[in-house]
Amino acid sequence: TAQHSTAQAEMLRRKRSVSFGGFGWIDKSTLASLRARKQELLTISNASVGERPPSPPRTAPPTMKSAEFFDMLERMQDDYIPYPRIEEIVEKGGPYSLVILPQFGGYWIEDAENVGTPTSSDSSYYEEEDGGLSPGTFGYKLECNGTVRAYRKHFLGKEHLNFYCTTNSLGNLILSLKYEEAEGQEYLRIILRSRTKTLHDRISLAGLSKLPSVPQIAKLLCDDVTGLKFYPVLYPRASQLIVTYDEHEVNNTFKFGVIYQKFGQISEEDLFGNNEESPAFTEFLNLLGDKIELLDFKGFRGGLDVAHGQTGTDSVYTVFREKEIMFHVSTKLPYTEGDPQQLQRKRHIGNDIVAAIFQEENTPFVPDMIASNFLHAYIVVQVENACTDHTTYKVTRSSS
């Protein structure tokens, strides 16, 4: 309606301060006391040394800087206008945005209008070593640090050489070399590891009359490697130890929360109190993964009980790009009668980092609806044309 559009336009014109909002609101009485304190500080700073009252030693900034600080707070108070409360937005009626920012900020919303709608052909799996892919080429891109997997991909089980060296400044170094031929060209693939980083490259041998020495090869990747002597690694299980070291930070298991939000639900108690799964929500869960029985489940369990059934009977699980994903679905976790907070459900979803919020109808979600020290990102999904051949999803992301 015209009235609703006018109200939205007025909201956009109002000045905001997300960073200040993270610290809270200063009311008028507090502001009056700040002004009085500022004036007191200014009076003290203008008095002669003999007239100033004695004060104990302190590590705070000088008096004038304190006065300037109060000036800044006063300006921020005058400029900052909080976002409307979720109750006020719901009362005005729809249509609503998928995500509404909290009253005092602290979160941002991805600009969905500037993000294209990707298709399956638009997706890509991008590794750092695959330099031909441009970050802006695809609708979305899954990133992976190719260096940590380079040894397994290019060296393990193939003919190659490993060398080690000990230095005072760089610590222990491990160098892996492998000769390669591609399209009639000769190459040398190199991985150099130090205590601070791992470097991976492939250099062409075209124009070289002979292979460079091991120290020369190491210097090609790191200028600090100068005048060092490398020794061959002769341990039989060296390759297994090296690949374990390279991949020690690789995480192949993930857990995400999934929360069902019905129309008009605007509190944490409402969200965690949902027990029934609509056909549209079930269709969405089938899109995420497979329904599995938790009892005696052998895959990644994501903290769920697979022995005694204390976290429900089933869940949603999938394997994507050799990575296991367990979803903590709010409606599948145990429901406790008489517990409005549903702590059995919240203790799993509240300890996830990312949660998907599924909306079957147009209703607003506020990121601070759920009190959690761990949840920092929400993917809000709203279905359109559910359970048809033309089902689509509107998606918005909000992070703190």
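Conventions we followed
Residues numbered from 1 in each chain as written. Predicted model: local features only at pLDDT ≥ 70, side-chain atom pairs only at ≥ 80, totals over all residues. Heavy atoms only, no water. Phe/Tyr/Trp six-rings, centres within 6.5 Å; stacked < 30°, edge-to-face > 60°. Helix = DSSP H or I, 4+ residues; strand = E, 2+ residues; numbered from the N terminus. Buried < 20%, exposed > 50% of the residue type's maximum accessible area, 1.4 Å probe, protein only. Lys NZ or Arg CZ within 6 Å of the ring centre and 35° of its normal. Polar contact = N/O pair within 3.5 Å; in protein donor to acceptor, adjacent residues only side chain to side chain. Contact = heavy atoms within 4.5 Å. Pairing = 2+ DSSP bridges. Axes fitted to C-alpha atoms, helices over the stretch in contact; angles between N-to-C directions.

I'd like to hear about the packing of aromatic side chains, residue by residue, with values.
Using the criterion set out here, one finds eleven aromatic pairs in the structure. Taking 4.7 Å as the distance between ring centres and 10° as the angle between the ring planes, the aromatic pair formed by Tyr 260 and Phe 281 counts as stacked. On the criterion of sequence distance, the pair formed by Tyr 260 in strand S9 (residues 253–261) and Phe 281 in helix H10 (residues 279–288) is long-range, its members being 21 residues apart. Each member of the pair, Tyr 260 together with Phe 281, is buried. Ring centres of Phe 284 and Tyr 393 lie 5.7 Å apart, and the angle between their planes is 55°; on these two criteria the pair is classed as tilted. Remark: Tyr 393 occurs in strand S15 (residues 392–399) and Phe 284 occurs in helix H10; sequence separation between them is 109 residues. By relative accessible area, Phe 284 is classed as buried at 5%. Classification of Tyr 393 by relative accessible area gives partly exposed; the value is 25%. Taken together, the ring pairs in this structure connect Tyr 260, Phe 281, Phe 284, Phe 358 and Tyr 393 into an aromatic cluster. Here the guanidinium or amino end of Arg 202 rests over the ring plane of Tyr 187, the centre of that ring lying 4.0 Å away.

So what's going on with the side chain of Lys 178? Which residues, and what values?
Examined against the element boundaries, Lys 178 turns out to sit in strand S5 (residues 171–182). Relative accessible area serves as the criterion here: at 11%, Lys 178 is assigned to the buried category. Among the polar contacts listed, one links the side chain of Lys 178 to the side chain of Glu 180, at a separation of 3.0 Å.

Hey, could you go over the environment of Tyr 96 for me, with residue numbers and the actual values?
By the element assignment, Tyr 96 lies in the loop between helix H5 (86–92) and strand S1 (108–109). A relative accessible area of 13% means that Tyr 96 is categorised as buried. C-alpha of Tyr 96 to C-alpha of Asn 362: the two residues are 266 residues apart in sequence and 6.3 Å apart in space. Apart from residues lying up to four places away in sequence, Tyr 96 is in contact with Ile 89, Val 90, Asn 362, Thr 363 and Pro 364.

I'd like a rundown of the sheet that holds S15, residues and numbers included.
Ordered by their spatial adjacency, eight strands build an open sheet running S1-S15-S14-S13-S9-S12-S11-S10, and the pairing between neighbours is mixed. The open sheet has two edge strands with one neighbour each: S1 and strand S10 (290–293). Across the face of the sheet, H10 comes into contact with S9, strand S11 (314–320), strand S12 (323–329), strand S13 (354–359), strand S14 (377–384) and S15 while running at roughly 170° to S9.

Mind laying out unusual backbone geometry, listing which residues take part and the relevant values?
Notably, Gln 342 is not glycine yet its phi reads approximately 50°, a positive angle. Considering the arrangement of structural elements, one finds Gln 342 in the loop between S12 and helix H11 (343–349). In this structure, Cys 387 takes a positive phi of about 60° despite not being glycine. As for its placement among the helices and strands, Cys 387 is situated in the loop between S14 and S15. Accessibility expressed as a relative area gives 48% for Cys 387, which makes it partly exposed.

Describe in detail the pairing of S9, supporting the description with residues and values.
The pairing of S9 with S12 spans six bridges and is parallel. In the strand pairing of S12, Val 258 is matched with Val 329. Note: S9 against S13, five bridges, orientation parallel. Within S13, the residue paired with Tyr 260 across the bridge is Phe 358.

Give me the environment of Val 306: which residues, what numbers.
Here Val 306 is to be found in the loop between S10 and S11. Given a relative accessible area of 17%, Val 306 falls into the buried group. Through-space distance from the C-alpha of Val 306 to that of Asp 296 is 5.3 Å; in sequence the pair is ten residues apart. Excluding anything up to four places from it in sequence, Val 306 contacts Leu 294, Leu 295, Asp 296, Phe 297 and Arg 301.

Note that every value here comes from positions in space, so none of it alone points to a role or purpose.
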